[in-house]
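This is what each chain is made of:
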Amino acid sequence: MENMKKECQVLVVGSGVAGTIAAVSAARKGAHTILIEKNNFPGGTAVTGLHCFICGLYVNDTNMPKGPINKGIVREIISQLKVLSPEKKVMRMGRVYILPYSRQDLVSVFRSLIKNEKQHLEVLYNTQAVSVRTEQSTIAAVRVRGQKGVFDIVPRAVIDCSGHGVIIQLSGAKHQVSDSKQRQLAGYTFRVKGLKDRDNMAAVKVPYYLAQAYAEKKIPLYLKFTTFIPIDNTDEGLCKISIPPARNSIQLAKKDAVVVHGYLCKVLPLFKDSYISDTSSEVLEREGSRLCGEYTLSANDIINARKFPDGALKSAWPIELWNQKKGPQYCYINPGDYYEIPARCLKSQEISNLFCAGRCISVSQEALGSTRVMGTCMSLGEQAGCEAVKLKSKN
Ligand SMILES: Cc1cc2nc3c(=O)[nH]c(=O)nc-3n(C[C@H](O)[C@H](O)[C@H](O)COP(=O)(O)OP(=O)(O)OC[C@H]3O[C@@H](n4cnc5c(N)ncnc54)[C@H](O)[C@@H]3O)c2cc1C
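Residues numbered from 1 in each chain as written. Predicted model: local features only at pLDDT ≥ 70, side-chain atom pairs only at ≥ 80, totals over all residues. Heavy atoms only, no water.

1. Quick notes on the sheet that holds strand S4 (residues 91-93)
Spatial strand order, S3-S5-S4: three strands in an open sheet with antiparallel pairing. The open sheet is flanked by strand S3 (53-54) and S4, the only strands paired with a single partner. In this sheet, strand S5 (residues 96-100) lies alongside S3 in antiparallel orientation, the contact comprising two bridges. Each residue of the ladder has a partner; that of Phe53, found in S5, is Pro100. (Pairing = 2+ DSSP bridges. Helix = DSSP H or I, 4+ residues; strand = E, 2+ residues; numbered from the N terminus.)

As structure tokens, then:
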């Protein structure tokens, strides 16, 4: 198997929301595309993270949005989700609009998008990129480990959609990683069942009681930033706890979840008979390696709703920073306005055939606080797919 080699025009690494759409987008343009994913399903964090809202799909104004901010495959995804769960409708949360979704629905929509492109798109699940060979500032081959062993994929273009920027790192492309003291808090979600008389105040009561617990030195600062989201059935909710870099391990996250849940059971009658029914399967990083691309989007570009001649897509999501000392900090764009992300943010400065989409694009740490949400990552994937195919026609 070690000697086996597969060739393709576009290799997409990671089948999260960005990678799945990137691969579908490239395949629709007729490029022979391979999508590799280390899990055995598409969706990435959108599935493993127990999320329930897609953010970044709409402009935030006083009126309900008429449609999504970006055109393209994202609109197909929204329509297909609507068919599967018509009761899940766009809703306003604070100053933004979000789309509730079920993880099973998203996986089935992604599987059907992939299936429709079977002529040009080959998907290899349980397959992980392990090393990269570069020649003259070009990725010549990506070595992968799959169920049948190790082999090389020889692509014309590569799109890194691995979230943490694995190809960016392995290829030695210039990139940025935030210092651990400055890095945003990661997250870990647990689902609670058996809640009694859940009301709309639960989302306010949980942080209130945890702030008191911190003041009384019963829990560490980072657990004070726990949020509670009521979901589907009236006896269920999601608790999202925050994880500082020094405690980034699934074992420690599980322990923290038990501490938070145990405390809430003691002080809130709502939680008294509840139990943890599910957890995210990993600690969810907000930050990883970010490409140094031909352009790096800044917080000022976002706050000033900057438009670019090569603006590839739009976003109106606020900058949402999970500060280790202060918890979540928000900075909003003016209502009704949006900013653009230039296609240059998806292209490596020096590796000629490296593109990226999703969490690892070329943005500053602050700007990532806005661009990392799923709605934006999906459209980034579509644009990266188009850009990677263009490279093919140039050569
Ligand atoms: C705590 C937390 C809460 C959030 N809540 C929300 C929310 O409510 N709504 C929202 O819209 N966004 C939310 N986000 C943001 C959002 O979930 C992610 O930023 C987004 O899903 C990232 O998508 P992606 O495709 O870039 O990466 P990912 O979803 O991380 O996908 C990357 C994929 O690459 C695969 N992969 C990694 N390495 C390799 C390799 N070497 N070889 C092969 N495959 C590999 C992974 O298995 C994964 O499937 C949240 C983020 C966090 C951390």
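From this point, the narrative continues.
2. A word on helix H6 (residues 202-215)
Taking 1.5 Å of rise per residue, the 14 residues of H6 would be expected to cover 20 Å, and the 20 Å separating its terminal C-alpha atoms lies within 8% of that figure. For H6, the full list of buried residues reads Ala202, Val206, Leu210 and Ala213. In a view along the axis of H6, the buried residues occupy a sector of 65 degrees, so they form one face of it. Summarising the geometry of H6, the exposed residues directed more than 90 degrees from the buried face are Tyr208 and Ala215. Along its buried surface, H6 packs onto strand S12 (227-230) and helix H7 (250-267). Positive backbone phi, approximately 60 degrees, marks Lys217, located one or two places after H6. (Expected span 1.5 Å × (residues − 1). Buried < 20%, exposed > 50% of the residue type's maximum accessible area, 1.4 Å probe, protein only. Arc of directions from axis to C-beta. Contact = heavy atoms within 4.5 Å.)

3. Some thoughts on the domain arrangement of the protein
Interface size, as often reported, equals the accessible area lost upon joining of the parts. Domain boundaries assigned for the protein yield domain 1 (5-178 + 288-394) and domain 2 (186-279). The C-alpha-based centres of domain 1 and domain 2 are spaced at 30 Å. Across the boundary between the two partners, domain 1 contributes 14 residues, which contact 14 residues of domain 2. Both sides together, the interface formed by domain 1 and domain 2 hides about 950 Å², and carbon and sulfur atoms give 63% of it. Together, Leu50, Trp322 and Gln324 form the three largest contributors to the area buried by domain 1 at its contact with domain 2, with a combined 48%. The tally of links from domain 1 across to domain 2 stands at zero salt bridges. Inspection of the domain 1/domain 2 interface yields two residue pairs in polar contact (both at pLDDT 80 or more). Mapped onto the side of domain 1 that touches domain 2, the elements with two or more residues apiece are strand S17 (319-323) and strand S18 (327-331). Class assignment for the residues of the side of domain 1 that touches domain 2 results in five nonpolar, five polar and four charged. (Domains from an automatic or database assignment. Buried area = accessible area lost by both parts, 1.4 Å probe. Salt bridge = Lys/Arg side-chain N within 4 Å of Asp/Glu carboxyl O. Polar contact = N/O pair within 3.5 Å; in protein donor to acceptor, adjacent residues only side chain to side chain. Nonpolar A, V, L, I, M, F, W, Y, C, P; charged D, E, K, R; others polar.)

4. Quick notes on the site of the ligand
As a structural note, the neighbourhood of the ligand is formed by 33 residues, with Glu37, Thr45, His51, Phe53 and Arg372 the closest of them. In the model, an oxygen atom of the ligand is placed 2.9 Å from a nitrogen or oxygen of the Met374 main chain. Summarising the interface, the protein chains cover 94% of the accessible area of the ligand, which totals 1,000 Å² for the free molecule. Those elements that provide at least two residues to the shell around the ligand are helix H1 (17-28), S3 and strand S7 (128-135). By residue class, the composition of the shell around the ligand is twelve nonpolar, 14 polar and seven charged. (Near = heavy atom within 4 Å. Areas by Shrake-Rupley, 256 points an atom, 1.4 Å probe, with all protein chains shown as cover.)

5. Things to note about the packing of H1 against helix H3 (residues 73-84)
Packed helices, taken two at a time, are described by their axes: the angle between them and the distance between them. At a minimum axis separation of 11 Å, H1 and H3 run at an interaxial angle of 115 degrees. Our pair here, H1 against H3, has a crossing hand that is right-handed. Across the interface between the two elements, Ile21, Val24, Ser25 and Arg28 of H1 pack against Ile73, Glu76 and Ile77 of H3. (Axes fitted to C-alpha atoms, helices over the stretch in contact; angles between N-to-C directions. Left-handed = near helix turned anticlockwise from the far one by under 90°.)

6. Section: the packing of H6 against H7
Where H6 contacts H7, the two axes come as close as 11 Å, and the packing angle between them is 100 degrees. By the criterion of interaxial angle, the relationship of H6 to H7 is roughly perpendicular. Seen from H6, the contacting residues are Val206, Tyr209, Leu210 and Ala213; seen from H7, they are Val260, Tyr263, Leu264 and Val267. When the residues that make up the contact of H6 with H7 are grouped by side-chain class, the tally is eight nonpolar, no polar and no charged. (Parallel < 35°, antiparallel > 145°, perpendicular 65-115°, else oblique.)

7. Describing the pairing of S5
A large share of S5 lies buried, amounting to five of its five residues. On S5, burial covers both faces: Val96, Ile98 and Pro100 on one face and Tyr97 and Leu99 on the other are all buried. Of the pairings in the sheet, the one linking S4 to S5 comprises three bridges and is antiparallel in character. Looking at S5, one finds that Met93 is bridged to Val96. Connecting S4 to the antiparallel partner S5 that follows it, the hairpin turn spans two residues, and Gly94 within it adopts a positive phi of roughly 60 degrees.

8. Description of the nonpolar core
The biggest cluster of nonpolar side chains holds 83 residues, and the ones touching the most others in it are Ile77, Ile159, Ile167 and Leu297. Excluding its chain neighbours within four sequence positions, the residues that come into contact with Ile167 are Val13, Ala129, Val132, Ile139, Val142, Val158, Asp160 and Leu354. Core analysis: the next-biggest nonpolar cluster, separate from the first, contains 28 residues, Ala202, Phe228, Val260 and Leu264 among them. (Core = buried A, V, L, I, M, F, W, Y, C linked by side-chain atoms within 4.5 Å.)

9. Quick look at the environment of Ala26
Mapping Ala26 onto the fold places it in helix H1. Taking the C-alpha atoms as reference points, Ala26 and Glu382, 356 residues apart in sequence, are found 7.8 Å from one another. The residues touching Ala26, leaving out its near neighbours within four places in the chain, are Val10, Ala31, Thr33, Gly385 and Val389.

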